[in-house]
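# Breakdown of the fold
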Amino acid sequence: MRHPIILAVCMAGVTALAGCGEKDANATVERAFKDVNVVDETNLSDVMLTVADPNEAVSYFARSVKESPDRVDHQRGLAASLVRAKRTTEAVGEWDKVTKMEGATPEDNVQLADALIRSGNWARAETVLNGIPPTHETFARYRLEAMVADSKEQWSRADSFYEIAVGLTTTPAAVLNNWGYSKLTRGDYAEAERLFGEAIRQDDTLFTAKNNLIMARAAQRDYTLPVMPMEQSERAQLLHTMALSAIKRGDVETGKGLLREAIDTHPQHFEAAVRSLRALENG
């Protein structure tokens, strides 16, 4: 006896669903397109933050912020794009806004401190870093902490932060280079040389570290190029750096010889080295 009742209930349900079918289908389609748009927007934002022209990225995120002023991801994208575009004063203002928005994280304060350092405001950068919870332990945070300590000549503190930062990244070449330069400015040339060498082993395309390594060696009156990957033009530039370092330390004849070698090594006309050599020979 219950079967006809159950059948009637099921039929009523099917009828109700049929009546709502068109509306539900439209809603489902709208949700699907909304999800696709979110994915597309996320991908486009990633592109803008990485490979797009920095100023184009600024324009894109500025429009996004205007359309959705409450979205922290858009505001964050604008701030980061301004840093990429080297518009650091504007970037500080935008990171300031990010840190006050709902959804802001301690990492946003790290990025604010980064922008402040780029703009030369070391004192406020230190204040911002001091306000970040100690539990927020990231490479970016400790790299900045090390730089601030360096600026205040707090060498032990700087070394400690550099060491922590190196341990928190799989790509430590740049921070090793910074640490080496810190040692170079302190006159610890042997340790600077070691750190620059380690930076180059981590990333043998980092020309800044190669150039700094040459300065560290020349400071110890070692005027030989170390064994490391380098193109012919790089070799010539490094010889030029070594020559100038030698001349600065009073080893003028050595410097002249290195300048001649740099000129002969460069695959093109090396105007800077030619000019330096001519000045020495005429002077």
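Conventions adopted
- Residues numbered from 1 in each chain as written.
- Predicted model: local features only at pLDDT ≥ 70, side-chain atom pairs only at ≥ 80, totals over all residues.
- Heavy atoms only, no water.
- Helix = DSSP H or I, 4+ residues; strand = E, 2+ residues; numbered from the N terminus.
- Buried < 20%, exposed > 50% of the residue type's maximum accessible area, 1.4 Å probe, protein only.
- Areas by Shrake-Rupley, 256 points an atom, 1.4 Å probe, with all protein chains shown as cover.
- 1 Å grid on protein atoms, 1.4 Å probe; cavity = no way out; pocket = protein on both sides within 12 Å on 5 of 7 lines; lining within 4 Å.
- Points joined across faces, edges and corners; volume = space filled by probe spheres on them.
- Phe/Tyr/Trp six-rings, centres within 6.5 Å; stacked < 30°, edge-to-face > 60°.
- Lys NZ or Arg CZ within 6 Å of the ring centre and 35° of its normal.
- Polar contact = N/O pair within 3.5 Å; in protein donor to acceptor, adjacent residues only side chain to side chain.
- Contact = heavy atoms within 4.5 Å.
- Salt bridge = Lys/Arg side-chain N within 4 Å of Asp/Glu carboxyl O.
- Core = buried A, V, L, I, M, F, W, Y, C linked by side-chain atoms within 4.5 Å.

Under an unreviewed UniProt entry, the name given to the chain is Tetratricopeptide repeat-like domain-containing protein, and the source organism is marine sediment metagenome.

Counting its secondary structure elements, the chain contains 14 helices and zero strands. For the chain, the α and β elements follow one another from N to C terminus as α-α-α-α-α-α-α-α-α-α-α-α-α-α. Looking at the 283 residues of the chain, the share that counts as buried comes to 37%. Total accessible area on the chain stands at roughly 16300 Å², and carbon and sulfur atoms take up 54% of it.

Turning to empty space enclosed by the protein, a few remarks are in order. For the coordinates displayed, the defined rule picks out one cavity of 30 Å³ or more. Its boundaries defined by the atoms lining it, the largest cavity holds a volume of some 40 Å³. Forming the walls of the largest cavity are Glu126, Asn130, Glu145, Val148, Ala149, Gln154, Arg157 and Phe161. For the lining of the largest cavity, the secondary structure elements donating two or more residues are helix 6 (122-130), helix 7 (139-151) and helix 8 (155-167).

Looking now at the packing of aromatic side chains. This model, assessed by the stated rule, comprises three aromatic pairs. With 5.8 Å between their ring centres and 15° between their planes, tyrosine 162 and tryptophan 179 make a pair best called stacked. Of this pair, tyrosine 162 sits in helix 8 while tryptophan 179 sits in helix 9 (residues 173-186); the two residues are 17 residues apart in sequence, bridging distant segments of the chain. One exposure class covers both tyrosine 162 and tryptophan 179, and it is buried. One residue, arginine 141, lies across the ring of tyrosine 142, its end atom 5.9 Å from the ring centre.

Let us look at unusual backbone geometry. If you check the backbone angles, glutamate 153 has positive phi at about 55° while not being a glycine. Position of glutamate 153 among the secondary structure elements: in the loop between helix 7 and helix 8. By relative accessible area, which is 56% here, glutamate 153 ends up exposed. In this structure, arginine 221 is a non-glycine residue whose phi angle is positive, near 60°. Along the polypeptide, arginine 221 turns up in the loop between helix 11 (207-219) and helix 12 (232-248).

Turning next to the side chain of threonine 265. Mapping threonine 265 onto the fold places it in helix 13 (residues 252-265). In this structure threonine 265 comes out as buried when scored by relative accessible area, which is 14%. Of the polar contacts made by the side chain of threonine 265, one reaches the backbone oxygen of glutamate 261; its length is 2.6 Å. Other than its neighbours up to four places away in sequence, threonine 265 contacts Gln232, Arg235, Ala236 and Leu239.

Another point: the pattern of salt bridges. Under the criterion given, the structure shown has 22 salt bridges. In this structure, glutamate 193 engages arginine 217 in a salt bridge whose closest nitrogen and oxygen atoms are separated by 3.0 Å. Here arginine 217 lies in helix 11 and glutamate 193 lies in helix 10 (residues 189-202), a separation of 24 residues in the sequence. For glutamate 234, the salt bridge is made with lysine 210, and the minimal N-O distance between the two is 3.2 Å. A residue pair is termed long-range when its members are at least 10 positions apart, and glutamate 234 in helix 12 and lysine 210 in helix 11 qualify at 24 residues. Classification of lysine 210 by relative accessible area gives buried; the value is 1%.

Membership of the largest hydrophobic core comes to 35 residues, with the highest contact counts inside it found for Tyr162, Phe196, Tyr223, Met228 and Leu258. Within the residue set of this core, elements represented by two or more residues are helix 7, helix 8, helix 9, helix 10, helix 11, helix 12, helix 13 and helix 14 (271-282). The element contributing the most residues to this core is helix 12, with six residues. Residues in contact with tyrosine 162, not counting those within four places in the same chain, are Ala146, Met147, Asp150, Val175, Asn178, Trp179 and Ser182. Core analysis: the second largest hydrophobic core is formed by 31 residues, Val65, Val83, Ala125 and Ala140 among them.

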